[in-house]
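Architecture and fold: a report
Residue strings, one per chain:
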Amino acid sequence: FFSRCLTPLGFLPSFMLEEEEEKVEEKAADQSEAPVASRAVEAVAGSHWNDEYGPLGYGSFNCVCCNAWLLLLLLPTLFLLLVAPGLELEHGGTLTRAALALFGLSALFFCLVSNTNPGVAPRTAPYIVGGREQGFEHPGEAYSYCQDSNRYVRGFDHSCDFVGNDIGDGNMHYFVGFLLSLASFATFLTACCVLSVYEMAAPPGPTLALEHDPLKMTIALLLLVLVFFCFRGCARSEACEGVLPLIMLMPGAVAGAWLLALVTATLVVMPLVTDMWADVRPSHNPAALFLILPYLAFAVLFFGMAAHWVHLLCAGLSQKLWLRSRGYRRQRNRASQSGDALV
(Lines give C-alpha, C1' and ligand atoms only; values in the text may rest on other atoms or scores of the structure.)
Protein backbone atom coordinates (compact mmCIF):
# COMPACT_ATOMS: atom_id res chain seq x y z
CA PHE A 1 0.00 0.00 0.00
CA PHE A 2 2.70 2.47 1.01
CA SER A 3 4.98 1.71 -1.91
CA ARG A 4 2.25 1.90 -4.56
CA CYS A 5 0.57 5.03 -3.12
CA LEU A 6 3.52 7.06 -1.85
CA THR A 7 6.22 6.17 -4.37
CA PRO A 8 4.40 8.00 -7.25
CA LEU A 9 4.17 11.03 -4.99
CA GLY A 10 7.95 11.02 -4.57
CA PHE A 11 7.96 11.27 -0.79
CA LEU A 12 9.64 8.10 0.28
CA PRO A 13 12.23 7.71 -2.48
CA SER A 14 13.74 11.09 -1.54
CA PHE A 15 15.10 9.39 1.62
CA MET A 16 17.13 6.88 -0.36
CA LEU A 17 20.88 7.12 -0.86
CA GLU A 18 22.08 8.10 -4.32
CA GLU A 19 25.40 6.58 -5.33
CA GLU A 20 26.55 9.54 -7.38
CA GLU A 21 25.83 11.89 -4.50
CA GLU A 22 27.93 9.70 -2.23
CA LYS A 23 30.83 9.95 -4.68
CA VAL A 24 30.62 13.75 -4.63
CA GLU A 25 30.62 13.82 -0.83
CA GLU A 26 33.52 11.37 -0.59
CA LYS A 27 35.53 13.52 -2.99
CA ALA A 28 34.76 16.63 -0.93
CA ALA A 29 35.76 14.79 2.25
CA ASP A 30 39.09 13.79 0.73
CA GLN A 31 39.74 17.36 -0.32
CA SER A 32 38.87 18.70 3.13
CA GLU A 33 41.67 16.57 4.61
CA ALA A 34 44.28 18.28 2.41
CA PRO A 35 46.80 20.73 3.92
CA VAL A 36 45.50 24.17 4.84
CA ALA A 37 47.32 25.85 1.96
CA SER A 38 45.38 23.85 -0.61
CA ARG A 39 41.99 23.59 1.10
CA ALA A 40 40.21 25.88 -1.34
CA VAL A 41 38.38 23.49 -3.65
CA GLU A 42 36.13 24.10 -6.60
CA ALA A 43 32.36 23.91 -6.28
CA VAL A 44 30.41 21.67 -8.64
CA ALA A 45 30.11 23.38 -12.01
CA GLY A 46 26.79 25.07 -12.69
CA SER A 47 25.69 25.17 -9.06
CA HIS A 48 22.88 27.54 -8.08
CA TRP A 49 23.49 30.17 -5.39
CA ASN A 50 21.33 32.07 -2.94
CA ASP A 51 21.28 35.30 -4.96
CA GLU A 52 19.47 33.50 -7.81
CA TYR A 53 16.25 33.08 -5.80
CA GLY A 54 13.55 35.39 -4.54
CA PRO A 55 12.37 35.53 -0.91
CA LEU A 56 9.90 32.64 -1.39
CA GLY A 57 11.13 31.03 -4.58
CA TYR A 58 13.38 28.22 -3.39
CA GLY A 59 11.01 25.37 -4.15
CA SER A 60 10.12 23.79 -7.47
CA PHE A 61 6.58 23.05 -8.57
CA ASN A 62 6.45 19.71 -10.37
CA CYS A 63 4.00 16.87 -10.90
CA VAL A 64 5.01 15.27 -7.61
CA CYS A 65 4.32 18.46 -5.67
CA CYS A 66 1.04 18.87 -7.56
CA ASN A 67 0.02 15.36 -6.50
CA ALA A 68 0.83 16.28 -2.91
CA TRP A 69 -1.51 19.28 -3.08
CA LEU A 70 -4.25 17.11 -4.58
CA LEU A 71 -3.76 14.66 -1.73
CA LEU A 72 -3.99 17.42 0.87
CA LEU A 73 -7.21 18.65 -0.70
CA LEU A 74 -8.68 15.15 -1.01
CA LEU A 75 -8.40 14.40 2.72
CA PRO A 76 -10.75 17.16 3.94
CA THR A 77 -13.00 16.96 0.87
CA LEU A 78 -13.98 13.34 1.53
CA PHE A 79 -14.54 14.15 5.19
CA LEU A 80 -16.70 17.20 4.48
CA LEU A 81 -18.82 15.37 1.89
CA LEU A 82 -19.27 11.98 3.53
CA VAL A 83 -18.72 12.24 7.29
CA ALA A 84 -19.23 15.83 8.44
CA PRO A 85 -22.99 16.05 7.57
CA GLY A 86 -23.85 13.19 9.91
CA LEU A 87 -21.65 14.53 12.72
CA GLU A 88 -23.17 18.00 12.43
CA LEU A 89 -26.63 16.55 13.08
CA GLU A 90 -25.43 15.24 16.45
CA HIS A 91 -22.65 17.63 17.47
CA GLY A 92 -23.15 20.83 15.50
CA GLY A 93 -20.36 22.38 13.47
CA THR A 94 -17.62 22.25 16.11
CA LEU A 95 -15.89 19.16 14.72
CA THR A 96 -16.05 20.47 11.17
CA ARG A 97 -14.49 23.80 12.16
CA ALA A 98 -11.74 22.02 14.09
CA ALA A 99 -10.97 19.85 11.04
CA LEU A 100 -10.76 22.91 8.79
CA ALA A 101 -8.44 24.65 11.29
CA LEU A 102 -6.06 21.67 11.32
CA PHE A 103 -6.17 21.53 7.54
CA GLY A 104 -5.30 25.23 7.35
CA LEU A 105 -2.35 24.68 9.70
CA SER A 106 -1.08 21.78 7.59
CA ALA A 107 -1.43 23.82 4.38
CA LEU A 108 0.45 26.74 5.99
CA PHE A 109 3.41 24.56 6.99
CA PHE A 110 3.33 22.93 3.56
CA CYS A 111 3.68 26.35 1.90
CA LEU A 112 6.47 27.39 4.27
CA VAL A 113 8.58 24.26 3.84
CA SER A 114 8.01 24.29 0.08
CA ASN A 115 9.06 27.88 -0.58
CA THR A 116 11.43 29.10 2.14
CA ASN A 117 15.21 29.00 2.01
CA PRO A 118 16.56 25.61 3.14
CA GLY A 119 20.01 27.14 3.62
CA VAL A 120 21.28 27.66 0.08
CA ALA A 121 24.89 28.83 0.08
CA PRO A 122 25.71 32.43 -0.88
CA ARG A 123 27.81 32.85 -3.98
CA THR A 124 31.49 32.31 -3.14
CA ALA A 125 34.66 33.83 -4.49
CA PRO A 126 35.87 32.78 -7.95
CA TYR A 127 38.04 29.67 -8.06
CA ILE A 128 41.36 30.67 -9.63
CA VAL A 129 43.60 28.18 -11.42
CA GLY A 130 46.69 29.47 -13.23
CA GLY A 131 45.37 33.03 -13.08
CA ARG A 132 42.06 32.10 -14.71
CA GLU A 133 38.62 31.74 -13.19
CA GLN A 134 37.41 28.13 -13.23
CA GLY A 135 34.07 28.56 -11.45
CA PHE A 136 33.53 29.24 -7.75
CA GLU A 137 35.05 27.99 -4.53
CA HIS A 138 33.34 25.40 -2.37
CA PRO A 139 31.19 27.19 0.26
CA GLY A 140 32.64 25.21 3.17
CA GLU A 141 32.22 22.08 5.25
CA ALA A 142 28.84 23.17 6.62
CA TYR A 143 27.32 22.88 3.13
CA SER A 144 26.50 19.69 1.27
CA TYR A 145 25.79 19.39 -2.41
CA CYS A 146 22.36 18.21 -3.57
CA GLN A 147 22.28 16.72 -7.04
CA ASP A 148 18.49 17.00 -7.31
CA SER A 149 18.50 20.80 -7.04
CA ASN A 150 22.13 21.40 -8.10
CA ARG A 151 22.95 23.63 -5.15
CA TYR A 152 24.81 23.60 -1.84
CA VAL A 153 22.59 23.55 1.26
CA ARG A 154 23.69 24.27 4.82
CA GLY A 155 22.91 21.32 7.09
CA PHE A 156 21.49 19.41 4.13
CA ASP A 157 19.27 16.53 5.27
CA HIS A 158 17.50 15.28 2.15
CA SER A 159 15.70 16.43 -0.97
CA CYS A 160 11.94 16.02 -0.59
CA ASP A 161 9.97 15.78 -3.83
CA PHE A 162 6.73 15.71 -1.83
CA VAL A 163 7.19 19.36 -0.83
CA GLY A 164 9.33 20.27 -3.85
CA ASN A 165 12.27 21.60 -1.87
CA ASP A 166 15.50 20.59 -0.15
CA ILE A 167 15.40 20.15 3.61
CA GLY A 168 18.21 21.84 5.52
CA ASP A 169 18.92 24.10 8.48
CA GLY A 170 16.76 26.89 7.06
CA ASN A 171 13.46 24.99 6.82
CA MET A 172 13.87 21.89 8.97
CA HIS A 173 11.59 23.34 11.68
CA TYR A 174 8.90 23.97 9.07
CA PHE A 175 9.32 20.41 7.79
CA VAL A 176 8.83 18.90 11.26
CA GLY A 177 5.87 21.24 11.82
CA PHE A 178 4.35 20.04 8.57
CA LEU A 179 4.73 16.39 9.58
CA LEU A 180 3.21 17.01 13.02
CA SER A 181 0.31 19.12 11.72
CA LEU A 182 -0.53 16.65 8.95
CA ALA A 183 -0.34 13.73 11.38
CA SER A 184 -2.61 15.59 13.83
CA PHE A 185 -5.04 16.39 11.02
CA ALA A 186 -5.19 12.74 9.90
CA THR A 187 -5.58 11.57 13.50
CA PHE A 188 -8.48 13.97 14.07
CA LEU A 189 -10.22 12.77 10.91
CA THR A 190 -9.68 9.17 12.00
CA ALA A 191 -11.25 9.91 15.40
CA CYS A 192 -14.23 11.59 13.73
CA CYS A 193 -14.79 8.56 11.49
CA VAL A 194 -14.56 6.21 14.47
CA LEU A 195 -17.08 8.38 16.33
CA SER A 196 -19.44 8.26 13.36
CA VAL A 197 -19.21 4.46 13.17
CA TYR A 198 -19.67 4.15 16.93
CA GLU A 199 -22.83 6.25 16.87
CA MET A 200 -24.25 3.97 14.17
CA ALA A 201 -23.78 0.90 16.38
CA ALA A 202 -24.15 2.30 19.91
CA PRO A 203 -27.38 2.14 21.92
CA PRO A 204 -30.02 3.36 22.31
CA GLY A 205 -31.53 2.28 19.02
CA PRO A 206 -28.41 1.07 17.16
CA THR A 207 -28.66 1.27 13.38
CA LEU A 208 -25.91 -1.29 12.78
CA ALA A 209 -26.53 -4.97 13.54
CA LEU A 210 -24.76 -8.25 12.84
CA GLU A 211 -26.20 -10.66 10.30
CA HIS A 212 -25.63 -14.32 11.16
CA ASP A 213 -25.40 -15.59 7.61
CA PRO A 214 -22.98 -18.55 7.21
CA LEU A 215 -22.54 -17.87 3.49
CA LYS A 216 -21.55 -14.23 4.01
CA MET A 217 -19.19 -15.17 6.84
CA THR A 218 -17.51 -17.74 4.60
CA ILE A 219 -17.11 -15.15 1.84
CA ALA A 220 -15.64 -12.71 4.36
CA LEU A 221 -13.12 -15.31 5.49
CA LEU A 222 -12.09 -16.06 1.90
CA LEU A 223 -11.68 -12.34 1.20
CA LEU A 224 -9.44 -12.02 4.26
CA VAL A 225 -7.22 -14.81 2.93
CA LEU A 226 -7.13 -13.15 -0.49
CA VAL A 227 -6.21 -9.76 0.99
CA PHE A 228 -3.44 -11.43 3.02
CA PHE A 229 -1.87 -12.99 -0.08
CA CYS A 230 -2.20 -9.67 -1.96
CA PHE A 231 -0.30 -7.82 0.76
CA ARG A 232 2.24 -10.64 0.92
CA GLY A 233 2.78 -10.44 -2.82
CA CYS A 234 3.10 -6.66 -2.69
CA ALA A 235 5.69 -6.85 0.10
CA ARG A 236 7.81 -9.22 -1.99
CA SER A 237 7.43 -7.31 -5.24
CA GLU A 238 10.22 -5.29 -6.83
CA ALA A 239 8.32 -2.05 -6.16
CA CYS A 240 8.35 -2.69 -2.40
CA GLU A 241 11.88 -4.02 -2.04
CA GLY A 242 13.47 -0.60 -1.66
CA VAL A 243 10.60 1.17 0.12
CA LEU A 244 9.24 -1.27 2.70
CA PRO A 245 12.52 -1.77 4.61
CA LEU A 246 12.85 2.00 4.87
CA ILE A 247 9.30 2.37 6.23
CA MET A 248 9.93 -0.31 8.83
CA LEU A 249 12.90 1.67 10.16
CA MET A 250 10.54 4.47 11.27
CA PRO A 251 9.55 4.62 14.98
CA GLY A 252 6.43 2.60 15.75
CA ALA A 253 6.37 0.99 12.30
CA VAL A 254 5.76 -2.53 13.59
CA ALA A 255 2.91 -1.50 15.90
CA GLY A 256 1.46 0.65 13.12
CA ALA A 257 1.60 -2.26 10.67
CA TRP A 258 -0.34 -4.50 13.06
CA LEU A 259 -2.88 -1.75 13.68
CA LEU A 260 -3.42 -1.20 9.95
CA ALA A 261 -3.76 -4.95 9.45
CA LEU A 262 -6.48 -5.06 12.11
CA VAL A 263 -8.35 -2.15 10.55
CA THR A 264 -8.04 -3.70 7.09
CA ALA A 265 -9.53 -6.96 8.35
CA THR A 266 -12.41 -5.03 9.92
CA LEU A 267 -13.11 -3.20 6.66
CA VAL A 268 -13.20 -6.49 4.76
CA VAL A 269 -15.49 -8.29 7.21
CA MET A 270 -17.99 -5.66 8.39
CA PRO A 271 -19.73 -4.93 5.06
CA LEU A 272 -20.55 -8.64 4.75
CA VAL A 273 -21.59 -9.49 8.30
CA THR A 274 -23.59 -6.34 9.15
CA ASP A 275 -26.56 -4.49 7.72
CA MET A 276 -24.65 -1.23 7.26
CA TRP A 277 -26.04 -0.70 3.74
CA ALA A 278 -29.68 -1.26 4.69
CA ASP A 279 -30.49 2.37 5.51
CA VAL A 280 -28.00 4.93 4.15
CA ARG A 281 -28.59 8.54 5.20
CA PRO A 282 -26.45 11.44 6.56
CA SER A 283 -26.60 10.11 10.12
CA HIS A 284 -26.01 6.53 8.91
CA ASN A 285 -23.26 6.73 6.30
CA PRO A 286 -21.02 3.64 6.02
CA ALA A 287 -18.41 5.71 4.15
CA ALA A 288 -16.95 6.72 7.53
CA LEU A 289 -15.88 3.13 8.13
CA PHE A 290 -13.96 2.92 4.86
CA LEU A 291 -12.24 6.27 5.41
CA ILE A 292 -10.73 5.09 8.68
CA LEU A 293 -8.03 3.08 6.89
CA PRO A 294 -6.47 5.84 4.72
CA TYR A 295 -6.73 8.43 7.51
CA LEU A 296 -5.18 6.03 10.01
CA ALA A 297 -2.43 5.10 7.56
CA PHE A 298 -1.44 8.74 7.15
CA ALA A 299 -1.62 9.36 10.89
CA VAL A 300 0.67 6.43 11.68
CA LEU A 301 3.09 7.25 8.86
CA PHE A 302 3.47 10.97 9.54
CA PHE A 303 3.59 10.67 13.33
CA GLY A 304 6.34 8.09 12.92
CA MET A 305 8.22 10.37 10.53
CA ALA A 306 7.82 13.36 12.85
CA ALA A 307 9.19 11.37 15.79
CA HIS A 308 12.03 10.16 13.60
CA TRP A 309 13.14 13.66 12.57
CA VAL A 310 12.78 15.03 16.09
CA HIS A 311 15.12 12.25 17.20
CA LEU A 312 17.57 13.14 14.43
CA LEU A 313 17.52 16.81 15.44
CA CYS A 314 18.18 15.95 19.09
CA ALA A 315 20.99 13.57 18.11
CA GLY A 316 22.52 16.05 15.64
CA LEU A 317 22.28 13.61 12.72
CA SER A 318 21.11 13.93 9.15
CA GLN A 319 18.84 11.43 7.45
CA LYS A 320 21.69 10.13 5.32
CA LEU A 321 24.06 9.60 8.26
CA TRP A 322 21.32 7.84 10.20
CA LEU A 323 20.61 5.49 7.31
CA ARG A 324 24.29 4.69 7.01
CA SER A 325 24.51 3.98 10.74
CA ARG A 326 21.64 1.50 10.38
CA GLY A 327 23.35 -0.20 7.47
CA TYR A 328 20.62 0.75 5.01
CA ARG A 329 21.44 0.63 1.33
CA ARG A 330 19.09 1.06 -1.59
CA GLN A 331 18.19 -2.13 -3.42
CA ARG A 332 19.73 -1.96 -6.86
CA ASN A 333 17.72 -3.15 -9.81
CA ARG A 334 18.52 -6.41 -11.50
CA ALA A 335 19.75 -4.76 -14.68
CA SER A 336 22.48 -2.85 -12.88
CA GLN A 337 23.47 -5.95 -10.93
CA SER A 338 23.79 -8.02 -14.10
CA GLY A 339 25.79 -5.22 -15.71
CA ASP A 340 28.21 -5.19 -12.76
CA ALA A 341 28.57 -8.92 -13.05
CA LEU A 342 29.54 -8.61 -16.69
CA VAL A 343 32.12 -5.97 -15.84
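Residues numbered from 1 in each chain as written. Predicted model: local features only at pLDDT ≥ 70, side-chain atom pairs only at ≥ 80, totals over all residues. Heavy atoms only, no water.

Some remarks on the pairing of strand β3 (residues 143-146)
A regular strand places its side chains so that they alternate between the two faces of the sheet. For β3 and strand β4 (residues 151-154), the ladder comprises four bridges, and the chain directions are antiparallel. Within β4, the position partnered with Tyr-145 by the bridge is Tyr-152. Hairpin connection from β3 to β4: four residues lie between these consecutive antiparallel strands, with Asn-150 at a positive phi of about 60 degrees. (Pairing = 2+ DSSP bridges. Helix = DSSP H or I, 4+ residues; strand = E, 2+ residues; numbered from the N terminus.)

A word on the packing of helix α5 (residues 172-201) against helix α10 (residues 287-315)
Their axes nearest at 7 Å, the elements α5 and α10 cross at an angle of 150 degrees. By the criterion of interaxial angle, the relationship of α5 to α10 is roughly antiparallel. Remark: the crossing between α5 and α10 carries left-handed chirality. Split by residue class, the contact of α5 with α10 holds 27 nonpolar, four polar and no charged. (Axes fitted to C-alpha atoms, helices over the stretch in contact; angles between N-to-C directions. Parallel < 35°, antiparallel > 145°, perpendicular 65-115°, else oblique. Left-handed = near helix turned anticlockwise from the far one by under 90°. Nonpolar A, V, L, I, M, F, W, Y, C, P; charged D, E, K, R; others polar.)

Notes on the packing of aromatic side chains
One pass over the full model with this rule turns up 13 aromatic pairs. Relative to Phe-302, the ring of Phe-162 has its centre 6.5 Å away and its plane inclined at 50 degrees; by these criteria the two rings are tilted. In this pair, Phe-162 sits in the loop between β5 (158-160) and β6 (165-167) while Phe-302 sits in helix α10, placing the two residues 140 residues apart along the sequence. Here Phe-162 matches Phe-302 in class, with each residue buried. With centroids separated by 5.8 Å and ring planes inclined at 10 degrees, the aromatic side chains of Phe-298 and Phe-302 adopt a geometry described as stacked. Note that Phe-298 and Phe-302 are positioned in helix α10 at a spacing of four residues, about one turn of the helix. You'll find Phe-298 and Phe-302 in the same group, each marked buried. Cluster of aromatic residues (ring-pair linked, three or more members): Trp-69, Phe-110, Phe-162, Phe-178, Phe-298 and Phe-302. Above the ring of Tyr-143, the side-chain terminus of Arg-154 is found at 5.8 Å from the ring centroid. (Phe/Tyr/Trp six-rings, centres within 6.5 Å; stacked < 30°, edge-to-face > 60°. Buried < 20%, exposed > 50% of the residue type's maximum accessible area, 1.4 Å probe, protein only. Lys NZ or Arg CZ within 6 Å of the ring centre and 35° of its normal.)

A word on a nonpolar patch on the surface
A grouping of Leu-215, Ile-219, Leu-223 and Leu-226 is seen on the molecular surface, where their side chains present a nonpolar patch of about 350 Å² in accessible area. Structurally, Leu-215 is set in helix α6 (residues 214-235). (Patch = residues over 30% accessible without salt bridge, like charges linked within 9 Å, V, L, I, M, F, W, Y side chains within 5 Å. Areas by Shrake-Rupley, 256 points an atom, 1.4 Å probe, with all protein chains shown as cover. Salt bridge = Lys/Arg side-chain N within 4 Å of Asp/Glu carboxyl O.)

Notes on the environment of His-212
Mapped onto the secondary structure, His-212 falls in the loop between α5 and α6. Placed 61 residues apart in sequence, His-212 and Val-273 show a C-alpha to C-alpha distance of 6.9 Å.

A short note on the pattern of salt bridges
Tallied over the entire structure, the rule returns four salt bridges. Asp-51 is the salt-bridge partner of Arg-123, the closest N and O atoms lying 2.9 Å from each other. A residue pair is termed long-range when its members are at least 10 positions apart, and Arg-123 in the loop between α4 (94-115) and β1 (126-129) and Asp-51 in the loop between α2 (19-32) and α3 (63-91) qualify at 72 residues.

Some thoughts on the side chain of Thr-264
Here Thr-264 shows up in helix α9 (residues 253-273). Setting aside chain neighbours within four positions, we find Thr-264 in contact with Val-227, Phe-231 and Leu-293. (Contact = heavy atoms within 4.5 Å.)

Structural notes on the confidence of the model for the protein
Mean pLDDT over the protein: 77, with 77% of residues reaching 70 or higher. Across the protein, β4 holds the top mean pLDDT of 94, while helix α12 (residues 334-342) sits lowest at 36. Ignoring residues within four places in sequence, the model shows residues 332-343, a span with pLDDT below 50, making four contacts including any to other chains. (pLDDT = per-residue confidence, 0-100.)

What to know about the packing of α3 against α5
The contact between α3 and α5 brings their axes to 10 Å, and the two run at 40 degrees. Taken together, the axes of α3 and α5 are oblique relative to one another. With respect to the hand of their crossing, α3 and α5 are arranged in left-handed fashion. Here α3 contributes Leu-72, Leu-75, Pro-76, Phe-79, Val-83, Leu-87, Glu-90 and His-91 to the contact with α5, which in turn contributes Phe-178, Leu-182, Phe-185, Leu-189, Cys-192, Cys-193, Leu-195, Ser-196 and Glu-199. A per-class count over the contact of α3 with α5 returns 13 nonpolar, two polar and two charged.

Regarding the environment of Glu-211
Positionally, Glu-211 belongs in the loop between α5 and α6. Classification of Glu-211 by relative accessible area gives partly exposed; the value is 27%. Sequence spacing of Glu-211 and Val-273 is 62 residues, and the spatial spacing of their C-alpha atoms is 5.2 Å.

Describing unusual backbone geometry
Unlike most non-glycine residues, Asn-150 shows phi in positive territory, near 60 degrees. The topology assignment puts Asn-150 in the loop between β3 and β4.

Regarding α4
Taking 1.5 Å per residue, 22 residues should reach 32 Å; α4 reaches 32 Å between its end C-alpha atoms and fits that length. Where α4 is concerned, the buried positions are Leu-95, Thr-96, Ala-99, Phe-103, Ser-106, Ala-107, Phe-110, Val-113 and Ser-114. When α4 is viewed along its axis, its buried side chains cluster within an angular range of 130 degrees and face the same direction. Against the buried residues of α4 lie α3, β6 and α5. (Expected span 1.5 Å × (residues − 1). Arc of directions from axis to C-beta.)

Focus: the pairing of strand β2 (residues 132-136)
When β1 meets β2, the two strands line up antiparallel, connected through three bridges. Each bridged residue has a counterpart across the sheet, and for Ile-128 the counterpart in β2 is Glu-133. Taking the residues between adjacent antiparallel strands as the criterion, β1 and β2 are bridged by two residues, where Gly-130 takes a positive phi near 60 degrees.

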